[in-house]
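Here's the letter readout for the chains.
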Amino acid sequence: SSSPTDEPDSIKQLKFLLRSTLRISVSDGRIFIGTFVGTDKALNLLLVNTDEFRLGPRENPGGRYVGQIMVPWRLVVRVEMDG
């Protein structure tokens, strides 16, 4: 039987981020801001209550609500915790 203190630091850090608001930048220039609720074995990131933003001229500076999304890890350029 394992206790929480036996967990690798990477798992502890992921658990710390649960229910945090994350800002995820992806390789095509989009930014997703939502609540982090989990990941899978491939490290894809699952967000809920998410807004999508596109930067650049004639894009959507106000964002659009996309709800629950999974962001493939291979597209992630940057992850920031809000606050």
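Described below are features of the structure shown in this document. (Residues numbered from 1 in each chain as written. Predicted model: local features only at pLDDT ≥ 70, side-chain atom pairs only at ≥ 80, totals over all residues. Heavy atoms only, no water.)

1. Thoughts on the pattern of salt bridges
Okay, so step 1: Taken as a whole and judged by the stated rule, the model has seven salt bridges.
Okay, so step 2: Notably, a salt bridge pairs Glu52 with Arg54, separated by 3.9 Å at the nearest N-O pair.
Okay, so step 3: Note on Glu52: relative accessible area 1%, which makes it buried.
Okay, so step 4: One network of salt bridges, with partners in common, ties together Asp28, Arg30, Glu52, Arg54 and Arg64. (Salt bridge = Lys/Arg side-chain N within 4 Å of Asp/Glu carboxyl O. Buried < 20%, exposed > 50% of the residue type's maximum accessible area, 1.4 Å probe, protein only.)

2. Quick notes on the environment of Val76
Okay, so step 1: With respect to the helices and strands, the residue Val76 is situated in strand S5 (residues 76–81).
Okay, so step 2: With 44 residues separating them in the primary sequence, Val76 and Phe32 have C-alpha atoms 10 Å apart.
Okay, so step 3: Discounting chain neighbours no more than four positions away, the residues touching Val76 are Ile24, Ser25, Val26, Leu45 and Val71. (Helix = DSSP H or I, 4+ residues; strand = E, 2+ residues; numbered from the N terminus. Contact = heavy atoms within 4.5 Å.)

3. Re the sheet that holds strand S1 (residues 21–26)
Okay, so step 1: Taken in spatial order, the five strands of this open sheet run S4-S3-S2-S1-S5, and their pairing is antiparallel. This sheet does not close on itself; its edge strands, each paired only once, are strand S4 (64–71) and S5. Averaged over all pairs of adjacent strands, the angle between their axes in this sheet comes to 30°, without regard to strand direction.
Okay, so step 2: With respect to the sheet, helix H1 (residues 9–17) is in contact with S1, strand S2 (30–39) and S5, its orientation differing from that of S2 by roughly 115°. (Pairing = 2+ DSSP bridges. Axes fitted to C-alpha atoms, helices over the stretch in contact; angles between N-to-C directions.)

4. Describing the side chain of Glu52
Okay, so step 1: With respect to the helices, strands and loops of the structure, Glu52 is situated in strand S3 (residues 45–54).
Okay, so step 2: A polar contact of 3.2 Å, which involves the side chain of Glu52, links it to the side chain of Arg30.
Okay, so step 3: For Glu52, the side chain forms a polar contact with the side chain of Arg64, separated by 2.5 Å. (Polar contact = N/O pair within 3.5 Å; in protein donor to acceptor, adjacent residues only side chain to side chain.)

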